[in-house]
2 protein chains.
Amino acid sequence: MARVVVDVMLKPEILDPQGQAVQRALPRLGFQGISDVRQGKRFELEVDGPVDDAALARIHEMAETFLANTVIEDFVVKVEDEKAEEEK
Amino acid sequence: MARVVVDVMLKPEILDPQGQAVQRALPRLGFQGISDVRQGKRFELEVDGPVDDAALARIHEMAETFLANTVIEDFVVKVEDEKAEEEK
């Protein structure tokens, strides 16, 4: 079983009121030096079987037709490597 | 200017109705072989100045106090490398 991540973000030219709200709140809360915030969605999919090119193509199609609204959103499909990141 | 990403996901033991709704909809839409879906939030922060240990520590604190609800959510702070990913 493998994990595939689909990140969905508003396109850069689309206004992001959620991100703006976060960005404006930061100085009030004592956090300086963040010039922009964009907020999007992250989907973690547990895939049965191998994540080969065919599986990735299917997930790409799924993201395009279902997880993202490609009129206003971009998406990125990533195969998650085993916890290489800093984790809290 | 550098980009730092904060991924916020519900803890594994917390029920995720959004993710479940997506997972249940997939077979109906013709996508088989996805055994679980979790949906979370992705914040992209544009940081003024260098992303050194001090900046990362501040962002970690910001994520902990403000972007994530650590009672029910886990978060991961990542410095984004320059578009190494498949992008649509």
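Parameters and conventions
Residues numbered from 1 in each chain as written. Chains lettered and ligands numbered in written order. Predicted model: local features only at pLDDT ≥ 70, side-chain atom pairs only at ≥ 80, totals over all residues. Heavy atoms only, no water. Helix = DSSP H or I, 4+ residues; strand = E, 2+ residues; numbered from the N terminus. Buried < 20%, exposed > 50% of the residue type's maximum accessible area, 1.4 Å probe, protein only. Contact = heavy atoms within 4.5 Å. Areas by Shrake-Rupley, 256 points an atom, 1.4 Å probe, with all protein chains shown as cover. Lys, Arg positive; Asp, Glu negative; His and termini not counted. Charge placed at Lys NZ, Arg CZ, Asp CG, Glu CD. Buried area = accessible area lost by both parts, 1.4 Å probe. Salt bridge = Lys/Arg side-chain N within 4 Å of Asp/Glu carboxyl O. Polar contact = N/O pair within 3.5 Å; in protein donor to acceptor, adjacent residues only side chain to side chain. Least-squares fit on C-alpha atoms with pLDDT ≥ 70 in both. Arc of directions from axis to C-beta. Pairing = 2+ DSSP bridges. Axes fitted to C-alpha atoms, helices over the stretch in contact; angles between N-to-C directions.

K.L.:
Just to check I follow, could you spell out the overall build of chain A for this structure?
P.N.:
Of regular secondary structure, chain A possesses 2 helices and 3 strands. With the principal axes as the frame, chain A shows a C-alpha extent of 50 × 35 × 15 Å. Looking at chain A residue by residue over its 88 residues, the buried ones come to 44%. Once local pairs closer than 6 in sequence are excluded, the contacts in chain A between residues at least 24 apart make up 72%. By element, 52% of the accessible surface of chain A is carried by carbon and sulfur atoms, the whole surface being about 4,700 Å². If the 11 positive side-chain charges of chain A are averaged to one point and the 19 negative ones to another, these points end up 8 Å apart.

K.L.:
Explain the interface of chain A and chain B to me, please; I cannot follow it from the model alone.
P.N.:
Quoted interface sizes are often the accessible area lost when the parts come together. Each partner contributes residues to the interface: chain A has 43 residues there, and chain B has 43 residues. At the boundary of chain A with chain B, total buried surface from both sides reaches about 3,900 Å², with 59% on carbon and sulfur atoms. In this assembly, chain A and chain B are joined by 2 salt bridges. Measuring nitrogen to oxygen at the nearest pair gives 2.9 Å for the salt bridge that ties Arg42 of chain A to Asp7 of chain B. In this assembly, chain A and chain B are joined by 16 residue pairs in polar contact (both at pLDDT 80 or more). Of all the secondary structure elements, the ones that give two or more residues to the side of chain A that touches chain B are strand E1 (2-10), helix H1 (17-28), strand E2 (34-47), helix H2 (53-67) and strand E3 (73-79) of chain A.

K.L.:
Explain the relation of the copies chain A and chain B to me, please; I cannot follow it from the model alone.
P.N.:
Between the two copies of the chain lies a relationship made up of a rotation around an axis and a movement along it. Least-squares fitting of chain A to chain B yields an RMSD of 0.0 Å, with the superposition described by an axial translation of 0.0 Å and a rotation of 180°. Both copies are brought into coincidence by an operation consistent with a two-fold rotation axis. Proximity to the rotation axis, assessed at the C-alpha, singles out Lys41 of chain A in chain A; its C-alpha lies 2.3 Å from the axis. When the interface residues of chain A are mapped onto chain B, 100% of them again fall at the interface, so both copies present the same face.

K.L.:
Looking at this structure, how should I read helix H2 (residues 53-67) of chain B?
P.N.:
Because an α-helix completes one turn every 3.6 residues, residues spaced three or four positions apart along the sequence face the same direction. Every buried residue belonging to H2 of chain B is among Ala55, Ile59, His60, Met62, Ala63 and Leu67 of chain B, and all of these are buried. Down the axis of H2 of chain B, the smallest arc covering the buried residues is 160°, so these residues share one side. More than 90 degrees from the buried face of H2 of chain B, the exposed residues found are Asp53, Ala54 and Thr65 of chain B. Its buried side turned inward, H2 of chain B meets H1 and E2 of chain A together with strand E1 (2-10), strand E2 (34-47) and strand E3 (73-79) of chain B.

K.L.:
Just to check I follow, could you spell out the environment of Met9 of chain A for this structure?
P.N.:
Topologically, Met9 of chain A is positioned in strand E1. In this structure Met9 of chain A comes out as buried when scored by relative accessible area, which is 9%. Each C-alpha atom of the pair Met9 of chain A and Gln39 of chain A lies 6.9 Å from the other, and the pair is 30 residues apart in sequence. When sequence neighbours within four positions are dropped, the list of residues in contact with Met9 of chain A reads Arg38, Gln39, Gly40, Ile72, Glu73 and Asp74 of chain A together with Arg42 and Glu44 of chain B.

K.L.:
How should I be thinking about the environment of Leu45 of chain A in this particular structure?
P.N.:
Take Leu45 of chain A: it is sitting in strand E2. Note on Leu45 of chain A: relative accessible area 0%, which makes it buried. Sequence separation between Leu45 of chain A and Val5 of chain A is 40 residues, and the spatial gap between their C-alpha atoms is 6.1 Å. Beyond its immediate sequence surroundings of up to four residues, Leu45 of chain A is in contact with Ala2, Arg3, Val4, Val6, Ile59 and Met62 of chain A together with Ile34, Asp36 and Val37 of chain B.

K.L.:
Please explain the sheet that holds E1 of chain A as it appears in this structure.
P.N.:
Sheet strands line up and pair through hydrogen bonds in the backbone, either parallel or antiparallel. The strand order across the open sheet built from 6 strands is E3(A)-E1(A)-E2(A)-E2(B)-E1(B)-E3(B), with neighbouring strands paired in antiparallel fashion. Either end of the sheet is taken by a strand with one partner, and the two such strands are E3 of chain A together with E3 of chain B. Within this sheet the neighbouring strands show an average axis-to-axis angle of 25°, counted without direction. Across the sheet, H1 of chain A lies against E2 of chain A together with E2 of chain B, angled at about 130° from E2 of chain A, the strand it touches most. Together, E2 of chain A together with E1, E2 and E3 of chain B form the strand contacts of H2 of chain B, whose direction differs from that of E3 of chain B by roughly 155°.

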